[in-house]
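# Report on the structure
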Amino acid sequence: MQISNQLHIEGKKVLVVGFWWYQNMGDELILLGTLKLLLAQGKEIFVVSANNERLKTFFSQPCFSWEQGKFIDISHITFVDELPRGFRSLRTYIIKKKRKQLKYFFQVDAVILGGWEILTEESPHSYRYRLQSIRPAFLWRRKLYIMGGVQIPRMFWNKILFRLILGATKKIFSRDFNEIEHLQHYGFKNTEFFMDTSYFAIDDRGKYKKEAKLNYIVVNINRHGRLFMEDFIEDVKKYLHMGYTVYFVPVCAGWTDDDKIYFDTVRDLVDNKPWLKQGTAPAVLFELYDRRKDFKEFLKLLWGAKKVISARLHLFLISEFMWLETKAYPYQKKVSKMQETLEQIEF
């Protein structure tokens, strides 16, 4: 199945809202892919974010093609601060005079709510939070498009919020075939398959498909994947015993969700393994790799890896999109669902 890049959004000016979490690689790549598709259509784009400076810095890095230039030209994008969600954020919004940005919400023709699992009961308060995110579509009656994971809720209040959201939605672009079937059976017909937009963040993937594989692997585990810790340790131990270097990459480095603490946990567990200190066992080559310093160099590291083992969805996905040997720990449904989707499209 050919992956379509035809993202049909009506209107010239498009507002993109979502959970663009601070220093989460998955969110950043989803947004990057979406913006590239919109820029290719000549859209005028407004991005709502909790940390605009971080996004500007990320998008200003050298592009994936490893030539001169940047990921995207941010001069064509207006970055807008999130609307307040409570009393304290309203106070900050007023004090810092962010209310001047309200004019942008009046200018747009359409609103895209994008991200990973946008509406899911696996994340507490997801439906309420997303309803707040799409206030521009409600308050200014703009066309709303949803891109990402959407699950039909079971809880009473979530069902009410879900109906409110669908009532304002023109179309849903889903990355899950089963999800499309469920939405249509629920009564929302205007939905179609669209690949997770992190796919479009990479250029020239075919150029590096045959990159020589070196004597190291890339791994990640996070708070959601702790239930797989024993299996994860066994994987790390196996490759260390074969003389491989193991690079641990914190995919998320936000102040409330930092994968780095699990690097320390795994390192302590590995260092205490008696088999590493016996006979001809190799030295422990378990290293932390900061992908934030230079994303181009991080991609070079990935392309040379013998294998990528991850609990984070988008380290798994970006590796799959680069045709690398991967192993994913399905800590949430979104991981197993994306594995099924890749099989269905015969990626």
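This report concerns the structure included in the present document.

Criteria and thresholds
Residues numbered from 1 in each chain as written. Predicted model: local features only at pLDDT ≥ 70, side-chain atom pairs only at ≥ 80, totals over all residues. Heavy atoms only, no water. Salt bridge = Lys/Arg side-chain N within 4 Å of Asp/Glu carboxyl O. Helix = DSSP H or I, 4+ residues; strand = E, 2+ residues; numbered from the N terminus. Buried < 20%, exposed > 50% of the residue type's maximum accessible area, 1.4 Å probe, protein only. Expected span 1.5 Å × (residues − 1). Arc of directions from axis to C-beta. Pairing = 2+ DSSP bridges. Axes fitted to C-alpha atoms, helices over the stretch in contact; angles between N-to-C directions. Contact = heavy atoms within 4.5 Å. Core = buried A, V, L, I, M, F, W, Y, C linked by side-chain atoms within 4.5 Å. Polar contact = N/O pair within 3.5 Å; in protein donor to acceptor, adjacent residues only side chain to side chain. Parallel < 35°, antiparallel > 145°, perpendicular 65-115°, else oblique. Left-handed = near helix turned anticlockwise from the far one by under 90°. Nonpolar A, V, L, I, M, F, W, Y, C, P; charged D, E, K, R; others polar. Phe/Tyr/Trp six-rings, centres within 6.5 Å; stacked < 30°, edge-to-face > 60°.

Throughout the structure, instances matching the rule amount to 19 salt bridges. Among the ionic pairs, Lys171 bridges to Glu192, the shortest N-O distance being 2.6 Å. In this pair, Lys171 is assigned in strand E6 (residues 169-174) and Glu192 in strand E7 (residues 191-193), connecting sequence segments 21 residues apart. By relative accessible area, which is 13% here, Lys171 ends up buried. Accessibility expressed as a relative area gives 25% for Glu192, which makes it partly exposed. Counted as one network, the salt bridges with shared partners bring together Glu117, Arg175, Asp176, Glu179, Asp196 and Lys337.

Over its 13 residues, helix H9 (residues 229-241) runs 18 Å from end to end, which matches the ideal 18 Å to within 8%, given 1.5 Å per residue. Those residues of H9 that fall on the buried side of the exposure criterion are Met229, Phe232, Ile233, Asp235, Val236, Tyr239 and Leu240. Angular distribution of buried residues about the axis of H9 spans 160 degrees; they occupy a single face of the element. Residue Gly243 follows H9 closely and has a positive phi angle near 90 degrees.

Our next topic: the sheet that holds strand E9 (residues 245-248). The sheet built from 5 strands is open, its strands ordered E10-E9-E8-E11-E12 with parallel pairing. The sheet is open, and its two edges are formed by strand E10 (286-288) and strand E12 (326-328), each paired on a single side. Averaged over all neighbouring strand pairs, the angle between strand axes comes to 20 degrees, with direction disregarded. In the packing of helix H11 (residues 295-304) onto the sheet, contacts are made with strand E8 (216-220), E9 and strand E11 (308-310), and the angle to E8 comes to roughly 115 degrees.

Let us now look at the nonpolar core. Counting residues in hydrophobic clusters, the biggest one holds 83 residues, and the most contacted among them are Phe59, Met195, Phe232, Phe298 and Leu302. Per-element accounting of this core gives the leading share, 7 residues, to helix H1 (residues 25-40). Aside from chain neighbours lying at most four places away, what touches Phe232 is Val219, Asn220, Ile221, Phe248, Val266, Ile309 and Tyr329. Counting 29 residues, the second-largest nonpolar core is a separate cluster that includes Tyr93, Leu144, Phe162 and Leu166.

By secondary structure assignment, the location of Asp196 is in the loop between E7 and E8. Within polar-contact distance, the side chain of Asp196 engages the side chain of His314 at 3.1 Å. Apart from residues no more than four positions distant in its own chain, Asp196 is found in contact with Ile30, Arg175, His314, Leu317 and Met338.

Bringing the packing of helix H5 (residues 126-133) against helix H7 (residues 156-167) into the picture now. Interaxial distance between H5 and H7 falls to 9 Å at its minimum, and their mutual angle equals 25 degrees. Classed by the angle they form, the pair H5 and H7 counts as roughly parallel. Relative to H7, H5 is oriented so that their crossing is left-handed. Only Asn158, Leu161, Phe162, Leu164 and Ile165 of H7 make contact with H5, whose side of the interface consists of Tyr127, Arg128 and Leu131. Taken together, the residues that form the contact of H5 with H7 break down as 6 nonpolar, 1 polar and 1 charged.

For any pair of aromatic rings, geometry is given as the distance between the ring centres together with the angle between the planes. Per the stated rule, a full pass over the model turns up 22 aromatic pairs. Judged by centre distance (6.0 Å) and plane angle (90 degrees), the rings of Tyr127 and Phe162 are edge-to-face. Linking Tyr127 in helix H5 with Phe162 in helix H7, this pair joins segments that are 35 residues apart in sequence. Of the two residues examined, Tyr127 and Phe162, each falls in the buried class. Measuring from ring centre to ring centre gives 5.1 Å for Tyr199 and Phe321, while their planes differ by 90 degrees; the resulting arrangement is edge-to-face. Here the residue Tyr199 occupies a position in the loop between E7 and E8, and Phe321 occupies one in helix H12 (residues 313-321), the gap between them amounting to 122 residues. Overall, the relative accessible area of 15% leaves Tyr199 in the buried class. Among the residues examined, Phe321 registers a relative accessible area of 0% and is labelled buried. Within the aromatic cluster, the residues linked to one another by ring pairs are Phe58, Phe59, Tyr216, Tyr247, Tyr289, Phe295 and Phe298.

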